[in-house]
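Tertiary structure, described
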Amino acid sequence: MIRVQNLTKVYSNRKAVDGISFSIEEGEIVGFLGPNGAGKTTTLRILTCYMPATSGHASVAGHDVFTDSMAVRRVVGYLPESTPLDMNMRVREYLTFRGKIRGLDRAQREAAIRRVTELCWLGDFIDRPIHQLSKGMKQRVGLGDALLHDPKVLILDEPTIGLDPTQIRETRNLIHHLAKKHTVLLSSHILPEVEATCERTIIIAGGKIVASGTPAELKERIRGGSRLIAEVTGSGSDVKDALKGVNGVEKVETSADDGWQRVTIETKRGADPREDIFKIIKQKGWSLRELRLEVGSLEEFFVQIVAQQMADQRAARTEARV
Amino acid sequence: MTRNVLALTQRELIMSFFSPVAYVVAAVFLMATGYLFMNATLIEGSEATIRPLLDSMSWVLIFAIPLLTMRVLSDEFASGTIEALMTAPVTDVEVVLGKFLGVLAFYASLLVTTLVHVGLLLRYGGNDVPAILYGYFGMILLGCLYVAVGVFASALTKHQLVAALIGMGVLSLFTLVVDSFAAWKGGLWRTVLSYVNITHHFQDFSKGIFDTKAIVFFISGTVFFLFLAVKMLESRRWR
């Protein structure tokens, strides 16, 4: 449904997007994740025909975003990051105008407005001026506008930014509900956001794709970094020696804490030696008050690769200067 | 095409009638032209013709119209609504035409209110109805050109005040400045300057002289500035 090949966008002297490629199939719900300034908004703006790419190709529903821009705009519903709305209009007036420029006739427009009013809970303020609405209400109006023409593809730039927790949950549910009928691409810099809503995540940093996959696949990639945490009695060096001998243990570190040893055990990839560790501790006659597996969170992984990417770039820049 | 332009025009009109700026500009415009009309026409011994009213309106509009048009694109750039607009299936030409027609419609309604002066004129002596109609036809053409210049100025920047000042500057250049410049120069200079002199062409209407040259001038000038506005809007994408 969405194809992107070698897309690059250069602003006067800065590369915002640097040769990214990905594709999204019909009915998928994909999260575009990255820190601020990673190039998310720029990519979405190219896909929605707001600006052309410097080089590379992008197409939506088979239409090229550059040569067949009007066709793309007709099949895409877009919610820009700042939710720009015509503040001086009433919600119904605004949606009527948006329906008109999308080529809906009167009957279609009225039906469409009824549909999005129900879908995005606009009923309470449909006849109020937009400038009086709260941030969350405006966000819903923007979403209603993006859905007005029942688009094949929904592109949402930071759809839950600035909302309170209840609204965030409602919006997520709505997006989940929409994913059944639409192909959805949403961007976010908040990881749990993407983890909660998307089937697949594309992580972008410094204008490049650094990882992509389902949350489970991404977690699989970091399994190697999982750790065990234990708290036992006994002297630090004894504990260290004993645990090092266990099959599957890579590295052991201890620190004394109020008569207890707090032990951090790094395991070999895929290994789970918890049972063996317990047996050894029992055998030595120590007490055990905690033993848990700490699976590295997607959050940590995200922070890690983004930091890595930034460091690489700094290194490259330094090299270039030398 | 037509449907999109109409929808955009209607939106523009809603925004004009909502904006306090439009009302203040309208009020000041009416006060200024009313004062000038009274001073030039409603005093003993003056001619009961439409000409002083038309001329004074054409001067006041140099400052009034850029204040009406400054918002049209600048505000879209500043508030970000341009992004919602330009990702909907509307072309740059349709956007510019919608803006142009929206402000023009507001201007036309402003012009209707000046018919009070015409009423006074007809009541107290003036009876040259064809000259009045032709003069107002000229006011519409003049409005088209001024609004086109204003829309162009608004396409240049996201700062409304800057857009207004650029609009006033361009209009002053083609009225006040070329007028006095042409007075010093002779020969080819004078010919060229008088060709681009808006005041010069407008006087055909205020005097009641029918000349296709003036009509062509206003229409081609309007198209030219609208074309520039479209190009400016297009060029924003590439920055």
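In this text the structure is predicted, and so the values were computed from the model without any measurement.

Across its full length, chain B holds 12 helices and zero strands. When the helices and strands of chain B are placed in sequence order, the string is α-α-α-α-α-α-α-α-α-α-α-α. Computed over C-alpha atoms, the radius of gyration of chain B comes to 19 Å, within 12% of the 18 Å expected from 2.2 N^0.38 for 239 residues, which places it in the range of a compact globule. The proportion of buried residues among the 239 residues of chain B is 44%. For chain B, long-range pairs separated by at least 24 residues make up 78% of all intrachain contacts whose partners lie at least 6 apart in sequence.

The number of helices and strands found in chain A is 11 helices and 14 strands. Seen through its C-alpha atoms, chain A measures out along the principal axes to roughly 80 × 55 × 30 Å. A total of 322 residues make up chain A; the buried ones form 38% of that total. The long-range fraction of contacts in chain A, counting pairs at least 24 apart against all pairs at least 6 apart in sequence, stands at 68%.

Next up on the list: helix α11 (residues 198-207) of chain B. Residues and elements named next belong to chain B. Among the residues of α11, those classed as buried are I198, H201, F202, F205 and S206. Here the buried residues of α11 occupy an arc of 150° about the axis, which is enough to place them on one side. For α11, the elements touching its buried residues are α3 (51-69), α8 (129-156), α9 (160-184) and α12 (212-236). One or two steps after α11, the chain reaches G208, where phi turns positive at roughly 85°.

Quick look at the interface of chain B and chain A now. Accessible area lost when the parts come together is the quantity often used to give the size of an interface. Of the residues lining the interface, 18 residues belong to chain B; the matching set on chain A comes to 22 residues. Among the elements of the structure, α1 (2-18) and α5 (81-86) of chain B are those that each provide at least two residues to the side of chain B that touches chain A. Ranked by residues supplied to the side of chain B that touches chain A, first place goes to α1(B) with seven residues.

Note that R292(A) resides in strand β14 (residues 288-294). Sequence spacing of R292(A) and L228(A) is 64 residues, and the spatial spacing of their C-alpha atoms is 5.6 Å.

The next subject is the packing of α3(B) against α11(B). All names here are of chain B. At a closest axis distance of 9 Å, the pairing of α3 and α11 adopts a crossing angle of 150°. One way to sum up the angle between α3 and α11 is to call them roughly antiparallel. Crossing geometry of α3 relative to α11 is assigned as right-handed. Contacts between α3 and α11 involve R51, L54, D55 and S58 on the former and, on the latter, F202, F205, S206 and K207. Grouping the amino acids of the contact of α3 with α11 by side-chain chemistry returns three nonpolar, two polar and three charged.

All names here are of chain A. Across the sheet, which stays open at both edges, the four strands sit in the order β2-β1-β4-β5 with antiparallel pairing between neighbours. Looking at which strands have only one partner, the edges of the open sheet turn out to be β2 (14-24) and β5 (63-64). Where strand β4 (residues 55-60) meets β5, two bridges bridge the pair, whose relative direction is antiparallel. By the bridge assignment, S59 is partnered in β5 with D64.

All names here are of chain A. Taking strand neighbours across the sheet as the criterion, the four strands line up as β12-β13-β11-β14 in an open arrangement whose pairing is antiparallel. Looking at the sheet topology across the chains shown, the edges are occupied by β12 (249-257) and β14. Shown here is a sheet whose adjacent strand axes are inclined to one another by a mean of 15°, direction ignored. Here six bridges tie strand β11 (residues 227-232) to strand β13 (residues 260-267), and the two strands are oriented antiparallel to one another. Paired with L228 across the two strands is I265, which belongs to β13. Against the sheet, helix α9 (residues 236-244) contacts β11, β12 and β13, and its axis sits at roughly 160° relative to β12. On top of the sheet, helix α10 (residues 274-284) reaches β11 and β14; it is set at about 165° to β14, its chief contact.

Glancing now at the pairing of strand β7 (residues 153-157) of chain A. Residue and element names in this part refer to chain A. When you tally the buried positions in β7, you get five out of five residues, the bulk of the element. Neither face of β7 is exposed, since V153, I155 and D157 on one face and L154 and L156 on the opposite face are all buried. The sheet contact formed by strand β6 (residues 76-79) and β7 spans four bridges and is parallel. Following the sheet pairing, Y78 is matched in β7 by I155. Where β7 lies against strand β8 (residues 183-188), five bridges are found, and the strand directions are parallel. Looking at the pairing, D157 lines up with S187 of β8.

Residue and element names in this part refer to chain B. Relative to each other, α3 and α9 sit at 150°, their axes nearing to 8 Å. The orientation of α3 with respect to α9, classified from their angle, is roughly antiparallel. Crossing angle aside, the handedness with which α3 passes α9 is right-handed. The segment α3 lies against α9, with I62, F63, P66, L67 and T69 engaging A164, G167, M168, L171, S172 and T175. Within the contact of α3 with α9, the residues separate by chemical class into seven nonpolar, four polar and no charged.

Let's shift gears to unusual backbone geometry. What you tend to see is this: most non-glycine residues have negative phi, and most peptide bonds are trans. Residues and elements named next belong to chain A. The phi torsion at N6 lies on the positive side, around 50°, for a residue other than glycine. With respect to the secondary-structure elements, N6 resides in strand β1 (residues 2-11). The class of N6 is partly exposed, set by 13 C-beta atoms lying within 10 Å. Not every positive phi belongs to a glycine, and C49 is a case in point at roughly 70°. Tracing the chain through its elements places C49 in the loop between α1 (40-47) and β4. Since 26 C-beta atoms lie within 10 Å of it, C49 is described here as buried.

Residue and element names in this part refer to chain A. For β14, a buried count of zero out of seven residues is recorded, marking the element as mostly open to its surroundings. Across six bridges, β11 lies against β14 in antiparallel orientation. Looking across to β14, one finds that R227 is bridged to E294.

So, how was this worked out
Along each chain, residue indices are assigned from 1 in the same order as the chain's sequence is written. Each chain gets a letter, beginning with A, and each ligand a number, beginning with 1, in the order they are written. Residues qualify for local features only when their pLDDT is at least 70, as the model is predicted, and side-chain atom pairs are given and counted only at 80 or more; totals for whole chains, interfaces and linings, by contrast, use all residues. Helix and strand definitions here come from DSSP, where helices need a minimum of 4 consecutive H or I residues and strands a minimum of 2 consecutive E residues; each element is numbered from the N-terminal end. As defined in this context, the radius of gyration uses C-alpha atoms, and a globule is described by 2.2 Å times the residue total to the power 0.38. Any residue with 12 or fewer other C-beta atoms within 10 Å of its own C-beta is exposed, any with 20 or more is buried, and the rest are partly exposed; the C-beta atoms used are placed from the backbone. In this description, a residue-residue contact is defined by the distance between C-beta atoms placed from the backbone, which must lie within 7 Å. Summarising the geometry, the arc corresponds to the directions from the helix axis toward the C-beta atoms. In this description, a line fitted to the C-alpha atoms serves as the axis of each element, helices being fitted only across the stretch in contact, and the angle between N-to-C directions of two axes falls anywhere from 0 to 180 degrees. Oblique is the label for any angle not covered by the other classes, which are roughly parallel (under 35 degrees), roughly antiparallel (over 145) and roughly perpendicular (65 to 115). Left-handed describes a crossing in which the near helix is turned anticlockwise from the far one by less than a right angle; the clockwise case is right-handed. Charged residues are taken to be Asp, Glu, Lys and Arg, nonpolar residues to be Ala, Val, Leu, Ile, Met, Phe, Trp, Tyr, Cys and Pro, and polar residues to be all remaining types, Gly included. When DSSP finds at least two bridges between two strands, those strands are taken to pair.

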